[in-house]
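Report on the structure
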Amino acid sequence: MIAEIAIAEPMPRWAVMWLLAGGVFLAGKLAMRAALGRVLPAPMRWEEVAWMALWPGMDAEAFFRRGAAPGRTVAGGAGLLSVLLGAGLIWGVARHLHAPLAAGWVAMVGLVLVLHFGVFRLLAGCWQRQGRRVRPIMDRPVLALSLAEFWGQRWNRAFRDLAHRWIFRPVLRRRGRHVATLAVFLASGLVHELVITVPAGAGYGLPLTYFLIQALGMTLERQLFPGSAAVAGPRHLLPRWIFTHAFTLGPLFLLFPPPFVERVILPFLHFIHALP
């Protein structure tokens, strides 16, 4: 028995990734709930369980205080379509690609579609129909006309709400907007280092570099496109859109370096039988 334990394989790298991501998520949930504990009405026990396990968002006040959700009501059709499309990429397209890195990237896009744009959106619609003031985690990021809009309003509102509460607002009061923005991107880079390069055991510093590039892009954006996109003329919208998505998509290989795809994503795809 001792010999069998000694030669047993360690935890798979993909399992380490999910474990670390789950730890970050749980820590964020507990921090946000504790911060608003004195403001919110005391929820029932089942509401606490639902908040922790059945809603990926971090805005505790929106979840526990009933009322009409701000913005558009979420329809389930788009979420269901995203789940089906993502599943098709994971279990259909990826297995037919001969290049392993290409298969990994296609499957990662599928995972984002299934979870962030699919399941999370369906959950948002369900909770809105229950009278919760929640908003979708992803809000049509392809329509963003600035990096500020992309990262602040449309992409992963869960992390945005968490970072805004614990990083942006405290730093803003002491050091100003520019330093607060840099601090948020720095924190995001460190979190992604934890869940990407640590499980992969390689590529250290690349996810952090990606988010520092985003901070640089927001600085350039203020100089190249002063004023908000809402008041910009039609001929200025396309350059804003191109600039935004060139910065978010262009250096994406830094966020998910090849060792992460090869050592973490591809074994996970084999585990879920997405690859032969």
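Residues numbered from 1 in each chain as written. Predicted model: local features only at pLDDT ≥ 70, side-chain atom pairs only at ≥ 80, totals over all residues. Heavy atoms only, no water.

1. Overview of the packing of aromatic side chains
The test is simple: Only centres within 6.5 Å qualify two rings of Phe, Tyr or Trp (six-membered ring in Trp) as a pair; their planes then separate them into stacked at under 30 degrees, edge-to-face at over 60, and tilted for everything else. Only DSSP runs of H or I with at least four residues qualify as helices, and only runs of E with at least two residues qualify as strands; both kinds are numbered from the N terminus onward. With a 1.4 Å probe rolled over the protein chains alone, any residue whose accessible area is under 20% of its type maximum counts as buried; one over 50% counts as exposed, and the rest are partly exposed.
Counted according to the given criterion, the structure contains 17 aromatic pairs. Judged by centre distance (5.0 Å) and plane angle (70 degrees), the ring pair of Phe63 and Trp127 falls under edge-to-face. Here Trp127 lies in helix H6 (residues 100–129) and Phe63 lies in helix H4 (residues 60–64), a separation of 64 residues in the sequence. Judged by its relative accessible area of 10%, Trp127 falls in the buried class.

2. What about the side chain of Lys29?
As a reminder of what qualifies: When charges are counted, neither His nor the chain ends are considered; positive counts come from Lys and Arg and negative counts from Asp and Glu. We define a salt bridge as a contact between a side-chain nitrogen of Lys or Arg and a carboxyl oxygen of Asp or Glu at a distance within 4 Å. Any N or O atom pair separated by 3.5 Å or less is treated as a polar contact, with the protein-specific requirement of one donor-capable and one acceptor-capable atom, and with residues adjacent in sequence counted only for side-chain atom pairs. Note on contacts: a residue pair qualifies if any of its non-hydrogen atoms lie within 4.5 Å across the two residues.
Considering the arrangement of structural elements, one finds Lys29 in helix H2 (residues 13–35). Of the side chains bearing the opposite charge, Glu48 lies closest to the buried Lys29, which forms no salt bridge; the N-O distance is 9.1 Å. At 2.6 Å, the side chain of Lys29 and the backbone oxygen of Trp51 are in polar contact. If sequence neighbours within four positions are ignored, Lys29 has contacts with Trp51, Met52, Trp55, Pro56, Gly57 and Met58.

3. So, the side chain of Ser146
Residue placement: Ser146 occurs in the loop between H6 and helix H7 (147–154). Within the structure, Ser146 has its side chain in polar contact with the backbone nitrogen of Glu149 (distance 3.0 Å). Once residues lying within four places of it in the same chain are set aside, the contact partners of Ser146 are Glu221 and Thr244.

4. Some points on H7
Counting along an α-helix, one turn takes 3.6 residues, and residues three or four places apart therefore face a common direction. Those residues of H7 lying buried are Leu147, Glu149, Phe150, Trp151 and Arg154. Remark: Asn156 follows H7 within two positions and exhibits a positive phi of approximately 50 degrees.

5. Observations concerning the packing of helix H5 (residues 76–93) against H6
The cut-off we apply is this: Axes, fitted as lines to C-alpha atoms, cover a helix only where it is in contact. Angles between the N-to-C directions of the axes lie from 0 to 180 degrees. The scheme is simple: roughly parallel for angles under 35 degrees, roughly antiparallel for over 145, roughly perpendicular for 65 to 115, oblique for anything else. Handedness of a helix crossing follows the sense of rotation of the near helix relative to the far helix, less than a right angle counterclockwise being left-handed and clockwise being right-handed. Note on residue classes: Ala, Val, Leu, Ile, Met, Phe, Trp, Tyr, Cys and Pro are nonpolar, Asp, Glu, Lys and Arg are charged, and everything else, Gly too, is polar.
As a packed pair, H5 and H6 sit with axes 7 Å apart at the nearest point and diverge in direction by 155 degrees. Taken together, the axes of H5 and H6 are roughly antiparallel relative to one another. The hand of the H5/H6 crossing is left-handed. Residues Gly76, Ala78, Gly79, Leu80, Ser82, Val83, Leu85, Gly86, Ala87, Leu89, Ile90 and Val93 of H5 form the contact with H6, whose participating residues are Val106, Ala107, Val109, Gly110, Leu111, Leu113, Val114, Phe117, Gly118, Val119, Arg121 and Leu122. Its residues placed into classes, the contact of H5 with H6 shows 17 nonpolar, 6 polar and 1 charged.

6. Structural notes on the pattern of salt bridges
Scanning the model with the defined rule gives 6 salt bridges in all. Residues Arg140 and Asp139 are paired through a salt bridge, measuring 3.3 Å at the closest nitrogen-oxygen approach. Of the residues examined, Arg140 reaches a relative accessible area of 36% and is grouped as partly exposed. Its salt-bridge partner being Glu149, residue Arg154 comes within 2.7 Å of it at the nearest N-O pair. Of the two residues, Arg154 and Glu149, both sit in the buried class. Each of the salt bridges in this network shares a partner with another, and the network as a whole consists of Arg157, Arg160 and Asp161.

7. Some remarks on the layout of surface pockets
Going by this rule: Both cavities and pockets are sets of points on a 1 Å grid over the protein atoms alone; in a cavity a 1.4 Å probe fits but cannot get out, in a pocket the set is open with protein on both sides within 12 Å along at least five of seven lines, and lining residues sit with an atom within 4 Å of a point. Grid points are joined across faces, edges and corners, and a volume is the space filled by probe spheres set on the points.
Approximately 240 Å³ is the volume attributed to the second largest pocket. In terms of lining, the second largest pocket is formed by Ala78, Leu81, Ser82, Leu85, Leu113, His116, Phe117, Arg121, Met138, Arg140, Pro141 and Val142. Residue assignment for the lining of the second largest pocket shows that the elements contributing at least two residues are H5 and H6. Grouping the amino acids of the lining of the second largest pocket by side-chain chemistry returns 8 nonpolar, 2 polar and 2 charged.

8. Brief notes about the environment of Leu81
Tracing the backbone shows Leu81 in helix H5. Judged by relative accessible area, which is 58%, Leu81 ranks as exposed. C-alpha of Leu81 to C-alpha of Gly118: the two residues are 37 residues apart in sequence and 7.3 Å apart in space.

Distances and angles like these do not, on their own, reveal function.
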